Amino acid sequence: MVKKNINIKNKKAKFEYELLDTYVAGIVLAGTEIKSIREGKASITQSFCEFNDKGELFAINMQVDEYSHASHFNHRPKAERKLLMQRRELKKLRKDVTTSGLTIVPLNLFINDRGLAKVRIALAKGKKLYDKRETIKDRDSKRNLARVKKSFNA
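What counts, and at which threshold
In this convention, every chain numbers its residues from 1, walking through the sequence in written order. Local features are withheld for residues below a pLDDT of 70 in this predicted model, meaning they are given only at 70 or higher, and side-chain atom pairs are given and counted only at 80 or more; totals for whole chains, interfaces and linings count all residues. Remark: hydrogens and water are excluded; side-chain values derive from all non-hydrogen atoms of the structure. Elements are defined by DSSP. Helices are runs of H or I of four residues or more, strands are runs of E of two residues or more, and each kind is numbered from the N terminus. Under the convention used throughout, the expected extent of a helix is 1.5 Å for every residue step, that is, one less than its residue count. Between buried and exposed lies partly exposed: a residue is buried under 20% and exposed over 50% of the maximum accessible area for its type, with that area taken using a 1.4 Å probe on protein chains only. What the arc describes is the spread of directions from the helix axis to the C-beta atoms. What is meant by a nonpolar core is a set of buried Ala, Val, Leu, Ile, Met, Phe, Trp, Tyr and Cys residues, joined one to another through side-chain atoms within 4.5 Å. Two residues qualify as a contact provided that any one of their heavy atoms is within 4.5 Å of a heavy atom in the partner residue.

(A) Structural detail: helix H3 (residues 87-100). Across its 14 residues, H3 extends 20 Å between first and last C-alpha, which sits within 8% of the 20 Å expected from 1.5 Å per residue. Turning to H3, its buried residues are Leu90, Leu93 and Asp96. Seen along its axis, H3 keeps its buried residues to an arc of 130 degrees; they face one direction. Opposite the packed face of H3, turned more than 90 degrees from it, sit the exposed residues Arg87, Arg88, Lys91, Lys95, Thr98 and Thr99. Downstream of H3 by one or two residues, Gly101 has phi in the positive range, about 70 degrees.

As structure tokens, this is what we get:
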């Protein structure tokens, strides 16, 4: 069996949010969900994380497409998926989210060395419009600088 490196990214997260702190969490998945993720059929661009009444962290709006070889025992594509973290990390995150109005966004979904699906999440603060313009301006200037360096070295 060939082991593919699965790394599904949320490219919008760094543009939309200012990332403060990152964590790695496990995900509770059904059999067809992990098989679909191993095929690379998942998306986390519109997802976010939320606590429920019991203090458990869930990934909302995470799209995991139905597994192609499954029978009628398939999963729901946009179901809430529980994230697994240590209790003290969850308490700290919950305190930060409730007191300072921060949010938790998934950055990337990957499969670790042991074959388990993990998600890298970040405690984030929403950017204002002028911050986004600043980001675009910085990105363009870096691109132009790289272009000039390349033409100078050629």
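Having seen it, we continue.
(B) Just the nonpolar core, in detail. Ranked by size, the top nonpolar core spans 27 residues in total, and within it Leu57, Leu83, Met85, Leu93, Ile104, Leu109 and Ile121 carry the most contacts. Contributions of two or more residues to this core are made by strand S2 (17-27), helix H2 (31-38), strand S4 (48-51), strand S5 (57-60), H3, strand S8 (103-111) and strand S9 (117-126). Looking at this core element by element, the count peaks at four residues for S9. Look past the residues within four positions of Ile121 in its chain and what remains in contact with it is Asp21, Thr22, Tyr23, Cys49, Leu57, Leu83, Met85, Leu93, Ile104, Val105, Pro106 and Leu107.

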